[in-house]
Amino acid sequence: KWLQEKGEQTFQGINARSPTKKKGGADEENLSEQSDEEEAAPDLPAKTDLVRQHMQKYARTSVSAEAYGMYNQKAAFKPRVIAKNEDQKLRILNRLSQAFMFSALDDNEKEIIILAMEEKKFRQGDKVIVQGDDGDDLYVVDSGTLSCFRKSKKDDQENFLKTYTAGDAFGELALLYNAPRAATIIADGDCTLFALDRQTFNHIVKDAAAKKREKYEHFLSRVELLDTVDPYERSKIADALKPMKFRAGEYVVKEGENGDTFFFIEDGEAYATKKRPDNTQETVYNYKVGDYFGELALLKNTPRAASIRAKTDLSVVALDRFSFKRLLGPLDEILKRNFARYEKYSQI
């Protein structure tokens, strides 16, 4: 009965909307447009049809509400499996060991990744990913080289960033943050890549990679030497940081040795000493959690100016100059973005 009354009220409301034309100006034009729209519209349904539509509407709503929980349950993860020969599996395993992003995976997780990856081939000039596009795959380079370009917000010009070679991975930012592609990657020649789908990446790699990246990006943002790198570049550096542990009393670096690595302290304390003319050691600085040292090793191969020893059991993360150049190119090119800072460090 209530539905019938509701239908009758709706029908009466529609009949009550018959406009009365008024002469003059904008009102007349608006009514004329409305009349034209009504002429083009289909015939209105009968009163009984309206009642039936209301009954169907409420019935559908009830079913949808009951089914809502069932359709919104998260499906159990079932990784895809793409058939491969033993040679392909070995090649993928070798490349995973070279890609920073997969360094924390255990053997079982690596096996899932290997089975889920798909081999793809590209020719010279092919655009593997395009800045601004949506992305559903991460890529690991098996053979060949690719160039990375990114448009600047200032002048909309495509700037060359780096070259990707065998063992490098790219395309993960779109998957980590559900964001558009951050750069354009173009094949320099024939190349072979292994592609990992979004679902497998999300379930196996994403959480660990995102936590590591967020944690280490905070460290990197505090390094004056690196404050000209943008968020994209900083995220790539974060992937390359490697954890290391030292026991109390152990040397992290020794004065006079050539250095190619810099360090962040994650846990514990350390101290720096310099040799006096009488060969005794003088403590010149104490390091705590969040401090870093050795950053000039990224810029040039210079002897260490002091020794650093663990005061307590010490956990650090390290980045070497080779890995930095592999990711972003020479640091002096990055420093040239701020010429005054480049002059400061180039004279050290």
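Residues numbered from 1 in each chain as written. Predicted model: local features only at pLDDT ≥ 70, side-chain atom pairs only at ≥ 80, totals over all residues. Heavy atoms only, no water.

1. Brief notes about helix α8 (residues 231–240)
So, point 1. Burial analysis of α8 places nine of its 10 residues in the buried class, the great majority of the element.
So, point 2. The complete set of buried residues in α8 reads Tyr 232, Glu 233, Arg 234, Ser 235, Lys 236, Ile 237, Ala 238, Asp 239 and Ala 240. (Buried < 20%, exposed > 50% of the residue type's maximum accessible area, 1.4 Å probe, protein only. Helix = DSSP H or I, 4+ residues; strand = E, 2+ residues; numbered from the N terminus.)

2. Some thoughts on the pairing of strand β7 (residues 184–187)
Two faces, one strand: in a regular strand the side chains alternate between the faces of the sheet.
So, point 1. Along β7, one buried face is formed by Thr 184 and Ile 186 and the opposite face, lined by Ile 185 and Ala 187, is buried too.
So, point 2. Relative to β7, strand β2 (residues 127–129) runs antiparallel, the two being bridged by two bridges. Of the residues in β7, the one forming a bridge with Ile 129 is Ile 185.
So, point 3. With four bridges joining them, strand β4 (residues 146–151) and β7 adopt antiparallel strand pairing. Residue pairing across strands places Cys 148 opposite Ile 185, the latter belonging to β7. (Pairing = 2+ DSSP bridges.)

3. Examining the nonpolar core
So, point 1. Formed by 22 residues in total, the largest nonpolar core has its most connected members in Phe 102, Ile 113, Met 117, Leu 138, Leu 196, Phe 201 and Val 205.
So, point 2. Contributions of two or more residues to this core are made by α4 (86–98), α5 (107–116), β3 (137–143), α6 (172–176), β8 (191–197) and α7 (198–220).
So, point 3. Ranked by residue count, the leading element in this core is α7, at five residues.
So, point 4. Setting aside its immediate chain neighbours within four residues, Met 117 contacts Arg 80, Ile 82, Lys 84, Ile 92, Leu 96, Phe 102, Val 140, Phe 194, Ala 195 and Leu 196. (Core = buried A, V, L, I, M, F, W, Y, C linked by side-chain atoms within 4.5 Å. Contact = heavy atoms within 4.5 Å.)

4. Description of the packing of aromatic side chains
So, point 1. Tallied over the entire structure, the rule returns nine aromatic pairs.
So, point 2. Summarising the aromatic geometry, the rings of Phe 149 and Phe 160 are spaced 5.7 Å apart at their centres and angled 65° between planes, so their arrangement reads as edge-to-face. A residue pair is termed long-range when its members are at least 10 positions apart, and Phe 149 in strand β4 and Phe 160 in strand β5 (residues 158–164) qualify at 11 residues.
So, point 3. Site record: aromatic cluster; members linked through ring pairs are Phe 122, Tyr 139, Tyr 164 and Phe 170.
So, point 4. The ring of Tyr 164 carries the charged tip of Lys 162 above its face, separated from the ring centre by 4.3 Å.
So, point 5. Directly above the ring of Tyr 251 sits Lys 254, whose terminal nitrogen or CZ lies 5.0 Å from the centroid. (Phe/Tyr/Trp six-rings, centres within 6.5 Å; stacked < 30°, edge-to-face > 60°. Lys NZ or Arg CZ within 6 Å of the ring centre and 35° of its normal.)

5. Quick look at the sheet that holds strand β14 (residues 292–293)
So, point 1. One open sheet holds the four strands; their spatial order is β9-β16-β11-β14, and the pairing between them is antiparallel. Looking along the sheet, the strands with just one partner apiece sit at the ends: β9 (242–246) and β14.
So, point 2. Of the pairings in the sheet, the one linking strand β11 (residues 261–267) to β14 comprises two bridges and is antiparallel in character. Residue pairing for β14: Phe 264 is matched across the bridge by Tyr 292.

6. Points about the confidence of the model for the chain
So, point 1. Here the chain averages 75 in pLDDT, while 71% of its residues score no lower than 70.
So, point 2. Of the regions scoring below 50 in pLDDT, residues 16–74 engages in 28 contacts with residues more than four places distant in sequence or in other chains.
So, point 3. Low pLDDT, under 50, characterises residues 344–348; the stretch is placed with 10 contacts to residues that sit more than four places away or in other chains. (pLDDT = per-residue confidence, 0-100.)

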